[in-house]
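Structural overview
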Amino acid sequence: MHYKVIFPKVLFPVALVRVPSRCFSGSRRNNYQVTVIGGAGGIGQPLSMLLKINRMITKLHICDIAKFIPGVAVDLSHIETPSVVKGFKSPEQLGDALEGADIVIMPAGVPRKPGMTRDDLFKINAGLVKSIMEQIAASAPKALVAIITNPVNSVVPIACETMKKAGVLDPNRIFGVTTLDTVRANTFIAEAKGLNPYEVKVPVIGGHSGVTIIPLISRTTPKVSFNEEEIKKLTVRIQEAGSEVVEAKAGAGSATLSMAYAGVRFANSLLRGLSGEKNVIESAYVMSQVTSLPYFATPLVLGKCGIEKNLGLGELNCFEKNLLDKAISVLKKNIDAGIEFANLPECKKEHMS
Ligand code: NAD
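The structure presented is a predicted model; accordingly, all values stated were derived computationally and were not measured.

Each aromatic ring pair is described using two quantities: the centre-to-centre distance and the angle formed by the ring planes. Per the stated rule, a full pass over the model turns up 3 aromatic pairs. Look at F175 and F266: their rings are 5.5 Å apart centre to centre, the planes differ by 65 degrees, and that puts the pair in the edge-to-face class. Linking F175 in strand β8 (residues 174–176) with F266 in helix α9 (residues 257–274), this pair joins segments that are 91 residues apart in sequence. Judged by relative accessible area, F175 falls into the buried class, the value being 0%. K193 extends its terminal NZ or CZ atom over the ring of F226, reaching a point 4.5 Å from the ring centre. R237 extends its terminal NZ or CZ atom over the ring of F188, reaching a point 3.7 Å from the ring centre.

Buried residues dominate strand β3 (residues 32–37), accounting for 6 of its 6 residues. Of the two faces of β3, both are covered, the one formed by Y32, V34 and V36 as well as the one formed by Q33, T35 and I37. What joins β3 to strand β4 (residues 57–64) is helix α1 (residues 44–52), and the crossover it makes is right-handed. Bridge count for β3 against strand β6 (residues 103–106) is 3 bridges, and the pairing is parallel. In the sheet register, V36 faces β6, and the bridge partner there is I105.

This part covers the nonpolar core. Core analysis: the biggest nonpolar cluster contains 46 residues, and I37, M106, M133, I136 and I147 have the highest contact counts within it. The residue makeup of this core includes at least three contributed by each of domain 1 (28–178) and domain 2 (179–335). Counting residues in each nonpolar core, the second largest holds 45 residues, with I62, I69, A260 and Y261 among its members.

Parameters at a glance
- Residues numbered from 1 in each chain as written.
- Predicted model: local features only at pLDDT ≥ 70, side-chain atom pairs only at ≥ 80, totals over all residues.
- Heavy atoms only, no water.
- Phe/Tyr/Trp six-rings, centres within 6.5 Å; stacked < 30°, edge-to-face > 60°.
- Helix = DSSP H or I, 4+ residues; strand = E, 2+ residues; numbered from the N terminus.
- Buried < 20%, exposed > 50% of the residue type's maximum accessible area, 1.4 Å probe, protein only.
- Lys NZ or Arg CZ within 6 Å of the ring centre and 35° of its normal.
- Right-handed = clockwise from strand over helix to strand, strands pointing away.
- Pairing = 2+ DSSP bridges.
- Core = buried A, V, L, I, M, F, W, Y, C linked by side-chain atoms within 4.5 Å.
- Domains from an automatic or database assignment.

Treat this as a map of the structure, not an account of what it does.
Below, the structure written as structure tokens:
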């Protein structure tokens, strides 16, 4: 007998039930290594816990600059699932943590406080992402990399530029995690219409901050209808949902638990794609040619090498086209800032921080 994790919708384990061993037979690979960088943090800890109970993962490496990271690993290792957990201290052991990783998830970095925008985090988190990416380029250049660190709009370009400089860029393997925007859109629209959130799917495209977040409410499944005022309100709520959490936590950080859920939902989709499952679709902010910008979030088909196909923007109505226009000008600045930072000489970068 083994324990099978039951995932309503796509991933979320609500129960562990005993099932016969034959349920695990099949030709798909089921023994992946995931490395979490920032594993001791507000997102990192619940994210690592949910990964520990994912049966496709056999090795879970958690890495952090926090001194107590070995303790987090010991704590997780007592959970009665077969995956082996190891803790690593960054930066000394970052290379060892990355060695052999199929997927790297990065929730390392500073979160927002009330009154801050995600762009305010740039000064601290830009350098952090660059140095971690340099190590990923050296130790795990073929891993799928899921970046949670904000500002996603700027740090994903930094990540790609860093991999490019190291000569190992594969744009199909680098993702900015925007899943929380999708999760929030599904939740809020289900709430507004009294629907079961498991059954609601709202595509969200663009970037991951304020007006760059573009929920395509007209393409919700099942079909829902709202008047113009309601659509405007829902759109703003989805765009500003992160601030709702930041304000409510009153200085104690930003979304951690819902982000851990969203991060694991995304990791699980990457794993399903890696294992050869067909038609695994998830949105993420990636290097892209679907707009005039070099980076954009759209629904992607995930496969054995990361992005198999970019599904593009699809049909937008008038309201959504206006949102797109507004998003593009802001995103352009965010992307340019990231590219510029990644290509600055080292001495100027120190001056900026
Ligand atoms: P946190 O401060 O609780 O945790 C961050 C962790 O990163 C800490 O444990 C810290 O020690 C660690 N860390 C810092 N530098 C590191 C390094 N160089 N190597 C390894 N570990 C390092 O913050 P949090 O609330 O978990 O948020 C983490 C990041 O995620 C923030 O930038 C936040 O803005 C972002 N975030 C993104 C989304 C999204 O939707 N993409 C949502 C919420 C938060």
